[in-house]
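# Summary of structural features
The primary structure of each chain is shown beneath.
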Amino acid sequence: MKRLEPVSKIMTRKLITLTLSDDLYKAEKLFLENHIRHIPIVEDEHIIGMLSLSDLKRISFLDSYDANEIKIDNAVYRV
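Residues numbered from 1 in each chain as written. Predicted model: local features only at pLDDT ≥ 70, side-chain atom pairs only at ≥ 80, totals over all residues. Heavy atoms only, no water.

### What about the side chain of Ser52?
For clarity, the threshold we go by: Where helices and strands are cited, they refer to DSSP runs of H or I of at least four residues and of E of at least two residues respectively, numbered from the N terminus. Exposure categories follow from relative accessible area, calculated using a 1.4 Å probe and restricted to protein chains: below 20% of the type maximum is buried, above 50% is exposed, and the middle band is partly exposed.
Tracing the backbone through its elements, the reader meets Ser52 in strand β2 (residues 46-52). Residue Ser52 is classed as buried on the basis of its relative accessible area, which comes to 9%.

In structure tokens:
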């Protein structure tokens with residue numbers, strides 16, 4: 001990659017986005033179909049957040065634990 005190349009030359013112009021009302025199944029589908037790792041979350045054409053593939057994987061990882069048996073912080077950072 002050329003370090004002095006302007007962002008406008010390499011940025012994506014056709015954005016794939018989600019809204020706050022979209023579910024995580026839709027997010028997972030978009031990640032897989034488009035081979036992407038980040039999806040902007042938009043509201044009224046403004047970016048209000050970002051969902052990453054690692055966020056989604058972390059949520060899926062936590063779903064495999066019983067909330068009564070383990071604290072979330074321990075599950076996320078367990079080695």
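### Description of the pattern of salt bridges
Stated formally: When a carboxyl oxygen of Asp or Glu lies within 4 Å of a side-chain nitrogen of Lys or Arg, that pair is called a salt bridge.
For the structure on display, the rule yields 3 salt bridges. Among the salt bridges present, the one from Asp22 reaches Lys26, with a minimum N-O distance of 3.5 Å. Between Arg58 and Asp55 there is a salt bridge, and its shortest N-O distance comes to 3.0 Å. Of this pair, Arg58 and Asp55 are both found in helix α3 (residues 53-63), 3 residues apart, which corresponds to roughly one turn of the helix.

### Considering the pairing of β2
Using the following cut-off: Strands were regarded as paired on the criterion that DSSP finds at least two bridges between them.
In the sheet, strand β1 (residues 38-43) pairs with β2 via 6 bridges, with the strands oriented antiparallel. Across the sheet, Ile41 pairs through a bridge with Gly49, a residue of β2. Counted along the chain from β1 to the antiparallel partner β2, the turn is 2 residues long, and its residue Asp44 has a positive phi close to 50°.

### A look at the confidence of the model for the chain
A low pLDDT means the predicted coordinates there should not be read in detail. What counts here: The pLDDT value tells you how sure the predictor is about a given residue, anywhere from 0 up to 100. What makes two residues a contact is simply this: any of their non-hydrogen atoms within 4.5 Å.
Of all residues in the chain, 75% have pLDDT values of 70 or greater, and the mean over the chain is 82. Summarising per-element confidence for the chain, the mean pLDDT is lowest in helix α4 (residues 72-77) (44) and highest in β1 (96). Across residues 72-79 the pLDDT falls below 50, and counting only partners more than four positions away or on other chains, this stretch makes 10 contacts in the model.

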